Amino acid sequence: MRVVLAVVSAVLTVVSLLWPPVFDGLSTKELNRRLAAAQADGPLVTARATVHAPRNFYGQSTAPQFGSLDSDLTRVGEGMRQGSSGELAHTLVRVSGWAQSDGMDLSGAGVGRPHGRAGSVSLAYAQDAADRVRWVAGRAPGQPDGAKQAPIELGMSRKGLAQFGLAVGQRVQLSGQTGATEAVVVGEFEPLDGADDLWRELPLLNEPLDAAVPEGYIRYGQALVAPAGLEAMEARGSLSLSATWVFGVAQQPWGNGGTAAGVRELASGAKGFKRSAVDRVCGEIVSDAAPCSAGVRTVTPPQVQERLSALVDRFAEQRARTVSLQSFALAGLLAIGVSTAVAAARLGARRREGVLALQRARGAGEPALAAVRLLEAVPAVLAGVLAGRAVSGPLAGERPLGAWWPAVAAAVLVAGAPAAAVWWQGRAVRRAGREPVQRRGVKRALGLSGRLVLEGAVLALAAMGVLQLRLRGALAPGTADPDPQLALVPVVLGLAAVVVVLRVYPVPLRALTGWARRRRGTVALVGLSQAGRRSAAAATALLVLVPALACAVFGALVSGTVRHGRVEAAQWRTGGDAVVLGPSQRPLPLEELAKVPGVGGVLPVRGGVAALTADEDGSVVKGVGLVGVDQTALARLEPGSPVAAALAAAGLSAPLVAGAELPALADAGTAARFPDGSFDADAGASRFRVRIVGVLPAGADRDRAIGPVVGEVGGGPLLVFGGPAAERLPRQTGQRNAAVLFAEPGRAGSPAGAQRIDGARLRSVVAASAATAGAGGAGAAGGAVLRGAPVEVRDLAGQLGESADDGLVSALELAFRSAAAIGLLLGLAAVVLELLLGSAERGRMLAYLRTLGLGARAAAGVQVVQLLPVMAAAVIGGTLLGLGLPWLLGPALDLRAFTSGPGAPAFAPDWAAVAVAALALLVLVPCAAALEGVAGRRRVPQLLRLGEGAQ
């Protein structure tokens, strides 16, 4: 018995201490993956400032100071990075800066004049340009031979040379506000990766841009120079440069950014970086009269733009939900371990039954006997705890171990199990040896036994816990990490399930025994009779097996729901087979997108946000999402769309006169709140009238075709416009429209359909449109998207791949699978201990039957049949409890943080995992029988001798 207690204590200690550092490592790895993925769409932390040319105390220019620009950029950038503190300081792993001059007119012999006007070129220096470009002709720019007269050396891209009509070695004239200077093209470069930060922030370096002006169009471009080129421009009258610093963020595998404290510290540091950057560069006092020092130059206070805090906040919410659900798996495993210790304690008490009876006959009291068993168990439990600590330390590495209190609490319960078993045995002995007594008080009035009182208390406690959880709902992230109530209520529900199973278990068992009596053969009858005779003793095994299987089934249900929900969310974010999101100020290149190979249809969807003022009572509703879509195109591309059917039924295709109210369908809540349905809509720079003419069908925000835009503007009240009203929605700054692409119109998007779309061609069309604006541009899309706008391309295959690669979801699945596996192993031990508890009685019975001629195979069959009812009860009870937990927990089980979809995902169990868990439990039957046979082989006779009874 003491060996079992030590092993159980060691296992529970290892689980309690080791899982938190393991999860912190997995969480940090997932945070690093998300940081890398987010930086692919643009830098997460950027600072911008104006750098003034070097001057002395009297305001006189001291330019040129060759070799100082690069060091000044490094000084400011590293100063801001090193000025951060805490976890943010560990996350900002690098900083890169670049500077650029104002645009200057480009002229000279042989220089082209696009659109009949001189092109405009600015000079740019990037600190890490050498690692981002490849020189295909000439060489990289260097320092001019003279500070004020020699030509400035330029490097240009192939597209820049072609569109300005230049060639390597050609001399040009640059004219600006400070005069004219000569320059020479010394090299041609091409980007190594056209999607990195440099080309996103300085797109004109890669390809010029045509922009509209009142007189026509101007072609803008940029040329790459050495830092000495800009330093020479300062000597020739340039007063200032525009500087940008981009901070690279990452988490090291041994970092703490993924821990609970690290996430909070990182989010707080990112939000406060705007102030800390200014303090580091400029000090506490900032004024226009005293600009900030930056080496030999001065800079304006840096303006920080960051997306890091929003990303970390979303990660922190999902991490908190993950910890809450994991706490249920940990609490369930601890309860299973304690139940296994109870089974071992019952076996030990049974084997010492004669010794304990003798001690009671000699006057020993129950407290003294229980204290002795406690003192015997404490050394074994303590040894197990220390062994678990010794194993956990090296496995955790440099990360701190988890909290001690779960391991200590489990150890105390395990150590107390032998004392409780002896007390319970003494109670049974006392009840068997005394005359029945009349009950008094509540027991007499209600006719309640001690068992009924205990079972009623368990059921009442479970009911109160479920009710309180449903009324409370899910805790806000950071309120409780982990959530103790969400962890303990399912454990109490497991006890309640065992109570119900024990009450129901004898009924079908008696029916099966009656069926066996009517059939020939003794194996089934004897096995089922033995199971019925020991039905009360099955409580210990069920106390382990039901929660173990419930934990496995619940984990499979959560895993399947999250995986299915993430797939649906990926489809909702994509709309069709692919989607292009771009700023609403400029139209997306719909015609060019329709020509991409594999695209069978393009659905434009417009988005915006407005504040509505109701005519009937003047109340204002802020944050109302506006979605505009052509219902005819929507019905053709997605015939099953409920939004398309609702828009068609409302008849929104009628033409509108100028200034007319825009008809729209509203969500049910907004329509019910404002029966009149007429509003003044304020969309920032635009104001218009809106009239609600119908109600959106339930779940309209889940319509996948409009999902990409609803994801941008949703979260509150929603209005959907169709027909001419959709075209009149204002083009808002900061909002995005979508072009949803379908490979096969009329069929929902699929990974196969997404693969048919030429992704490279799609992205080249979008990149070309983002690099040119206005007519006459060289881009394939005719310049449809504004420079610097947040353009995003999503394809279904990529979104599905990303949805399947979430580290927190994998960590949650690992926690439940590990808990289920360990729980089933402990269940095997509990069943073996339960068999050993009745091995003497069962062995004598089998010996009697063997004496009467029962064969060895039939005797083994009796043992297996005796176990089958308990296993069947455990499978049914554990499966029903695991599947019913989501309904019982209700709103407290919030999985939306894992899916990022339009709402709570529908529960979708992983039936394969459920079946595997149930089969694993059934496999315990022969395993337990074999182990019990080995352990108890010499304790019972194989045959009865002459004159020996079966008692």
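Within each chain, residue numbers correspond to sequence positions counted from 1 in written order. With the structure being a predicted model, the display of local features is reserved for residues of pLDDT at least 70 and the display and counting of side-chain atom pairs for 80 or more, all residues being used for whole-chain, interface and lining totals. Side-chain metrics in this entry use all non-hydrogen atoms of the structure; hydrogen atoms and water are not considered.

1. Description of the overall build of the protein
Here is step 1: Of regular secondary structure, the protein possesses 32 helices and 23 strands.
Here is step 2: Each residue is placed in one exposure class: buried if its accessible area under a 1.4 Å probe, protein chains only, is under 20% of its type's maximum, exposed if it is over 50%, and partly exposed if it falls in between. Looking at the protein residue by residue over its 951 residues, the buried ones come to 52%.
Here is step 3: Contacts between residues were defined by any pair of non-hydrogen atoms, one from each residue, lying within 4.5 Å. Counting only contacts in the protein whose residues sit at least 6 apart along the sequence, the fraction spanning at least 24 positions is 82%.
Here is step 4: When the accessible surface of the protein is totalled, it reaches about 41800 Å², and 58% of it is carbon and sulfur. Only runs of H or I of at least four residues qualify as helices and only runs of E of at least two qualify as strands under DSSP, and these elements are numbered from the N terminus. Note on areas: Shrake-Rupley, 1.4 Å probe, and residue coverage restricted to the protein chains presented here.

2. Quick notes on the nonpolar core
Here is step 1: Among buried residues, those of type Ala, Val, Leu, Ile, Met, Phe, Trp, Tyr and Cys that are joined through side-chain atoms within 4.5 Å constitute a nonpolar core. If you look at the biggest cluster of nonpolar residues, it comprises 94 residues, and the most contacted ones within it are L325, V414, L542, L545, F816 and L921.
Here is step 2: Looking at which element gives the most residues to this core, the answer is helix 18 (residues 539–574), with 15 residues.
Here is step 3: Setting aside chain neighbours within four positions, we find L921 in contact with L545, L549, L824, M871, A874 and V875.
Here is step 4: Counting 65 residues, the second largest nonpolar core, distinct from the first, contains L123, L161, A232 and F315.

3. Some words on the environment of A150
Here is step 1: If you trace the backbone, A150 turns up in the loop between strand 5 (133–138) and strand 6 (152–157).
Here is step 2: For A150, a relative accessible area of 13% translates into the label buried.
Here is step 3: The spatial distance from the C-alpha of A150 to the C-alpha of V184 is 9.6 Å, given a sequence separation of 34 residues.
Here is step 4: For A150, the contacting residues outside a window of four places in its chain are P144, D145, E182 and R236.

4. With respect to the pairing of strand 7 (residues 171–176)
Here is step 1: The sheet contact formed by strand 3 (residues 104–107) and strand 7 spans three bridges and is antiparallel. Each residue of the ladder has a partner; that of D105, found in strand 7, is S175.
Here is step 2: When DSSP finds two or more bridges between two strands, those strands count as paired. Linking two consecutive strands that pair antiparallel, namely strand 7 and strand 8 (residues 179–191), is a turn of two residues.

5. Here's the deal with the state of the cysteines
What we call a disulfide is simply a covalent bond connecting the sulfur atoms of a pair of cysteines.
Here is step 1: Two cysteine sulfur atoms make up a disulfide if the distance between them is within 2.5 Å. Enumeration over the complete set of coordinates arrives at one disulfide.
Here is step 2: There is a disulfide in this structure between C282 and C292, and the S-S distance comes to 1.8 Å. On the sign convention where negative means left-handed, the S-S torsion of about 100° between C282 and C292 marks this disulfide as right-handed. One end of the pair, C282, is in helix 8 (residues 273–282); the other, C292, is in strand 12 (residues 292–294), and 10 residues separate them in sequence.
Here is step 3: Judged by its relative accessible area of 15%, C282 falls in the buried class.

6. Describing the confidence of the model for the protein
Here is step 1: Taken as a whole, the protein shows an average pLDDT of 81; of its residues, 87% reach a score of 70 or greater.
Here is step 2: pLDDT expresses how confident the predictor is about each individual residue, on a scale running from 0 to 100. Ignoring residues within four places in sequence, the model shows residues 443–447, a span with pLDDT below 50, making four contacts including any to other chains.
Here is step 3: Of the regions scoring below 50 in pLDDT, residues 770–789 engages in 63 contacts with residues more than four places distant in sequence or in other chains.

7. Considerations on the environment of P253
Here is step 1: Position of P253 relative to the elements: it lies in the loop between strand 11 (240–249) and helix 7 (260–271).
Here is step 2: A sequence separation of 221 residues divides P253 from N32, and the C-alpha atoms of the two residues are 8.4 Å apart.

8. So, the packing of aromatic side chains
Here is step 1: Working definition: a ring pair exists when centres of Phe, Tyr or Trp rings (six-membered ring for Trp) sit within 6.5 Å. Plane angles under 30 degrees give stacked, over 60 give edge-to-face, the rest tilted. Counted under the stated rule, the structure contains seven aromatic pairs.
Here is step 2: Consider the rings of F328 and F554, whose centres lie 4.9 Å apart with planes at 90°: the pair is edge-to-face. Of the two residues, F328 sits in helix 9 (residues 308–351) while F554 sits in helix 18, which places them 226 residues apart along the sequence. As far as burial versus exposure is concerned, F328 and F554 are alike and both buried.
Here is step 3: Three or more aromatic residues link up through ring pairs in this structure, and these residues are F328, F554 and F816.

9. Digging into a nonpolar patch on the surface
Here is step 1: Among the surface-exposed residues, L374, V378, L382 and L386 lie close enough to one another that they form a single nonpolar patch of about 330 Å² accessible area.
Here is step 2: Mapped onto the elements, L386 comes out in helix 11 (residues 366–396). For patch detection, residues must exceed 30% relative accessible area and be free of salt bridges, and they are connected within 9 Å for like charges or within 5 Å for nonpolar side chains (Val, Leu, Ile, Met, Phe, Trp, Tyr). A pairing counts as a salt bridge when a side-chain nitrogen of Lys or Arg comes within 4 Å of a carboxyl oxygen of Asp or Glu.

10. Observations concerning the pattern of salt bridges
Here is step 1: Using the criterion set out here, one finds 27 salt bridges in the structure.
Here is step 2: Between R373 and E376 there is a salt bridge; the shortest N-O distance is 3.6 Å. Remark: E376 and R373 occur in helix 11; sequence separation between them is three residues, near one turn of the helix.
Here is step 3: With a shortest N-O distance of 2.9 Å, R689 and E661 are connected by a salt bridge. With R689 in strand 20 (residues 687–695) and E661 in the loop between helix 21 (642–650) and strand 18 (662–666), this pair connects stretches of sequence that are 28 residues apart.
Here is step 4: In this structure, a network of salt bridges that share partners links the residues E30, R33, R34, R566 and D806.

11. Digging into the pairing of strand 2 (residues 92–100)
Here is step 1: Burial analysis of strand 2 places seven of its nine residues in the buried class, the great majority of the element.
Here is step 2: Taken together, the eight bridges between strand 2 and strand 11 define a ladder with antiparallel strand orientation. Within the sheet, the bridge partner assigned to W98 lies in strand 11 and is T244.
Here is step 3: Bridge count for strand 2 against strand 4 (residues 120–126) is three bridges, and the pairing is antiparallel. Each residue of the ladder has a partner; that of Q100, found in strand 4, is A124.

12. So, helix 7
Here is step 1: The end-to-end C-alpha separation of helix 7 is 17 Å, in line with the 16 Å expected for 12 residues at 1.5 Å each.
Here is step 2: Inspection of helix 7 places G262, V263, L266, A267, G269 and A270 among the buried residues, and these make up the whole buried set. Angular distribution of buried residues about the axis of helix 7 spans 165°; they occupy a single face of the element.
Here is step 3: Of the surrounding secondary structure, the elements contacted by the buried residues of helix 7 are helix 1 (2–39), helix 3 (86–91), helix 8, strand 14 (303–306) and helix 9. Here the expected length of a helix is defined as 1.5 Å per residue gap, with one fewer gap than residues. Here the arc refers to the set of directions running from the helix axis out to each C-beta atom.

13. Looking at unusual backbone geometry
Here is step 1: We note that H115 has phi near 60°; this positive angle belongs to a residue other than glycine.
Here is step 2: Structurally, the position occupied by H115 is in the loop between strand 3 and strand 4.

14. Considerations on the packing of helix 1 against helix 11
Here is step 1: Think of each axis as a best-fit line through the C-alpha atoms, taken over the contacting stretch in the case of a helix, with angles from 0 to 180 degrees between the N-to-C directions. It is the contact of helix 1 with helix 11, at a shortest axis distance of 7 Å, that shows an interaxial angle of 35°. Relative to helix 11, helix 1 is oriented so that their crossing is right-handed. Judged by residue contacts, R2, L5, A6, S9, A10, T13, V14, L17, L18 and P21 of helix 1 engage E376, A377, A380, V381, G384, V385, G388, R389, V391, S392, L395 and A396 from helix 11.
Here is step 2: Considering only residue class, the contact of helix 1 with helix 11 consists of 14 nonpolar, five polar and three charged. Each crossing is labelled by how the near helix is turned from the far one, with a counterclockwise turn of less than a right angle marking it left-handed and a clockwise turn marking it right-handed. Here the term charged refers only to Asp, Glu, Lys and Arg, the term nonpolar to Ala, Val, Leu, Ile, Met, Phe, Trp, Tyr, Cys and Pro, and the term polar to all other amino acids, Gly among them.

15. Focus: helix 11
Here is step 1: Helix length check: helix 11, at 31 residues, gives a terminal C-alpha distance of 43 Å against a target of 45 Å (1.5 Å per residue), a fit within 8%.
Here is step 2: At A377, helix 11 shows its strongest bend, of approximately 25°, with the proline P379 following within four residues.
Here is step 3: Residue G397 follows helix 11 closely and has a positive phi angle near 70°. Bend, in this description, refers to the angle at a residue between axes fitted to the seven residues ending there and the seven starting there.

16. Thoughts on the packing of helix 15 (residues 484–504) against helix 18
Here is step 1: One can describe the packing of helix 15 onto helix 18 by two numbers: an axis separation of 9 Å at closest approach and a directional angle of 130°. Taken together, helix 15 and helix 18 sit at an angle that is classed as oblique. The two elements helix 15 and helix 18 cross, and the hand of that crossing is right-handed. Touching L495, A497, V498, V501 and L502 of helix 15 are A539, L542, L543, V546 and P547, all from helix 18. Oblique is the label for any angle not under 35 degrees, not over 145, and not in the 65 to 115 range, which are roughly parallel, roughly antiparallel and roughly perpendicular in turn.

17. So, the side chain of T259
Here is step 1: When you line up the elements, T259 lands in the loop between strand 11 and helix 7.
Here is step 2: By relative accessible area, which is 12% here, T259 ends up buried.
Here is step 3: Apart from residues lying up to four places away in sequence, T259 is in contact with D24, T28, R319 and R399.

18. Considerations on the side chain of S392
Here is step 1: Examined against the element boundaries, S392 turns out to sit in helix 11.
Here is step 2: In terms of polar contacts, S392 uses its side chain to reach the backbone carbonyl oxygen of G388, at 2.7 Å. What qualifies as a polar contact is a pair of N or O atoms within 3.5 Å, subject to a donor-acceptor requirement within protein and to the restriction that residues adjacent in sequence count only when both atoms come from side chains.

19. Some points on the environment of M871
Here is step 1: Along the polypeptide, M871 turns up in helix 30 (residues 856–889).
Here is step 2: M871 gets classed as buried once you look at its relative accessible area, which sits at 1%.
Here is step 3: Measuring from C-alpha to C-alpha, the distance between M871 and V831 comes to 9.5 Å, with 40 residues separating the pair along the chain.

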